[in-house]
Amino acid sequence: MIRLLSRPTIVWLLLCGLTILSVAVAEGRWLRGFSSIVVVLIAAAKSRLVIQHYMEATRAAKHWRFLYATWNFFVAATIIVGYAMGMRTL
Amino acid sequence: MQQPGASDIFDRESRRTPGSEGIWTFIFIDMVIFQMIFLMFMGERLRRLGVFVESQRHLNDLAGLLNALILLTSSWVVVLAVRAARKGDGALSRRHLGVAWLLGLAFCINKIIEYYAKVQAGLTPASNPFYSYYYFITFIHFLHVLAGMIFIAYCRGQARARAGSEGFVTGLENVGLFWHFVDVLWICIFPLLYLVGRS
């Protein structure tokens, strides 16, 4: 049981749960215009989990940790800002 | 079977950057290229919002979800393969890599079925800008999956004889890093194409 619930397994369960949650949020109507922003934030959190725990960026050199985290931030910002600008033009 | 001295290698491994410096550089360059593509996609989406929103409704988000779960699972299995190789357990590492390869194949089959359904419905890269981007982005990602599968198959072939050796562990870590990057890309592509603006 302890072996089954090692850190990579817990991270995998969390990632699967977050993925299903993001589809539920996108398909649901309860968050209205904010659902897309929540979906992107969930994706950014998932991406960070993979980079930190599966790619083991915590053990990588400081500059790689910074660059990979920055990339993750810019991808999420690109989608959120693009989506928000689209909402304003509708 | 654990090779002699493998735990020493594992201890050393736990203190250094996984993989080689080159793979971290390569992945970062690839990341920047994808960021540019995402930027172009969002720019084009703003210009033709109606076309993008309408076209997105024809995508099957359950197929995208299935592929996301497949890649997440394969990433997890690759982590287990790397851990087994660090401990010198070649047989276990080989088994995990076999499962990861099969999951990569499942992703490809699901993607091909999705492409086939789209083309049958008359939705091709020439249909409109949204579908041009859809096919372009997902096909580049598909090629990354194929490349990852080739690397995984190569490591699987070497695992039994070389698990525990420093060279093999570093090589497998490089493959693992690339495979996790492929997973991270799909984590970004899935909401970008399938989910954002859907509700």
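The structure displayed is predicted, hence computed values, not measured ones.

Re the overall build of chain B
Here comes step 1: Secondary structure summary: chain B contains 7 helices and 0 strands in total.
Here comes step 2: Starting at the N terminus, the α and β elements of chain B follow one another as α-α-α-α-α-α-α.
Here comes step 3: Over its C-alpha atoms, taken along the principal directions, chain B stretches across nearly 65 × 30 × 25 Å.
Here comes step 4: Looking at chain B as a whole, 45% of its 199 residues qualify as buried.
Here comes step 5: A separation of at least 24 residues holds for 86% of the contacts in chain B among residues at least 6 apart in sequence.

Some thoughts on the overall build of chain A
Here comes step 1: What chain A contains, in helices and strands, is 3 helices and 0 strands.
Here comes step 2: When the helices and strands of chain A are placed in sequence order, the string is α-α-α.
Here comes step 3: For 90 residues, the compact-globule estimate of 2.2 N^0.38 gives 12 Å, and the C-alpha radius of gyration of chain A, at 16 Å, exceeds that figure by more than 25%.
Here comes step 4: Residues counted as buried form 38% of the 90 residues belonging to chain A.
Here comes step 5: Considering only contacts in chain A between residues 6 or more positions apart, those separated by 24 or more positions represent 57%.

Details of the interface of chain A and chain B
Here comes step 1: Contact residues are listed per partner, giving 39 residues for chain A and 35 residues for chain B.
Here comes step 2: Listed by contribution, the elements that provide at least two residues to the side of chain A that touches chain B are α1 (7–27), α2 (35–54) and α3 (62–89) of chain A.
Here comes step 3: The residue inventory of the side of chain A that touches chain B, partitioned by class, reads 24 nonpolar, 10 polar and 5 charged.

What about the packing of helix α4 (residues 61–86) of chain B against helix α5 (residues 90–120) of chain B?
All names here are of chain B.
Here comes step 1: As a packed pair, α4 and α5 sit with axes 8 Å apart at the nearest point and diverge in direction by 165°. In terms of orientation, α4 lies roughly antiparallel with respect to α5. Crossing handedness for the pair α4 and α5: left-handed.

With respect to the environment of L5 of chain A
Residues and elements named next belong to chain A.
Here comes step 1: Summarising the element assignment, L5 is placed in the segment before α1.
Here comes step 2: For L5, a count of 10 C-beta atoms within 10 Å corresponds to the exposed category.
Here comes step 3: Distance from L5 to T78, taken between C-alpha atoms, is 35 Å for residues 73 residues apart in sequence.

Concerning the environment of A85 of chain B
All names here are of chain B.
Here comes step 1: Tracing the backbone shows A85 in helix α4.
Here comes step 2: Assessed through the 33 C-beta atoms surrounding it within 10 Å, A85 is described here as buried.
Here comes step 3: For A85 and W186, which are 101 residues apart along the polypeptide, the C-alpha to C-alpha distance reads 26 Å.
Here comes step 4: Once residues within four sequence positions are removed from consideration, A85 is found in contact with S93, A159, A163, G164, F168, V169 and L172.

Focus: the confidence of the model for chain B
Do not read the predicted coordinates in detail wherever pLDDT is low.
Here comes step 1: Residues at a pLDDT of 70 or more form 92% of chain B, whose mean pLDDT is 92.
Here comes step 2: Predicted as a complex, the structure gets a pTM of 0.91 and an ipTM equal to 0.92.

As for helix α7 (residues 166–195) of chain B
All names here are of chain B.
Here comes step 1: Between its terminal C-alpha atoms α7 stretches 42 Å, which fits the 44 Å expected from 30 residues at 1.5 Å a residue.
Here comes step 2: Maximal helix bending in α7 amounts to about 25°, located at I189; proline P191 follows within four positions.
Here comes step 3: Within α7, 27 of the 30 residues are buried, leaving the element largely enclosed by the surrounding structure.
Here comes step 4: Of the residues trailing α7, G197 is marked for its positive phi of about 85°.

Section: the nonpolar core
Among soluble globular proteins, nonpolar side chains are generally buried collectively.
Here comes step 1: Among the nonpolar cores identified, the biggest contains 81 residues, and I79 of chain A together with A81, A85 and C188 of chain B are the most heavily contacted of them.
Here comes step 2: In terms of residue count, the dominant contributor to this core is α7 of chain B (20 residues).
Here comes step 3: Every residue in contact with C188 of chain B, bar those within four places of it in the chain, is listed here: A43, S47 and V75 of chain A together with F38 of chain B.

Analysis parameters
- Residues numbered from 1 in each chain as written.
- Chains lettered and ligands numbered in written order.
- Predicted model: local features only at pLDDT ≥ 70, side-chain atom pairs only at ≥ 80, totals over all residues.
- Helix = DSSP H or I, 4+ residues; strand = E, 2+ residues; numbered from the N terminus.
- Buried ≥ 20, exposed ≤ 12 C-beta atoms within 10 Å, placed from the backbone.
- Contact = placed C-beta atoms within 7 Å.
- Rg over C-alpha atoms; globule rule 2.2 N^0.38 Å.
- Nonpolar A, V, L, I, M, F, W, Y, C, P; charged D, E, K, R; others polar.
- Axes fitted to C-alpha atoms, helices over the stretch in contact; angles between N-to-C directions.
- Parallel < 35°, antiparallel > 145°, perpendicular 65-115°, else oblique.
- Left-handed = near helix turned anticlockwise from the far one by under 90°.
- pLDDT = per-residue confidence, 0-100.
- Expected span 1.5 Å × (residues − 1).
- Bend = angle between axes of the 7 residues up to and from the residue.
- Core = buried A, V, L, I, M, F, W, Y, C linked by C-beta atoms within 7 Å.

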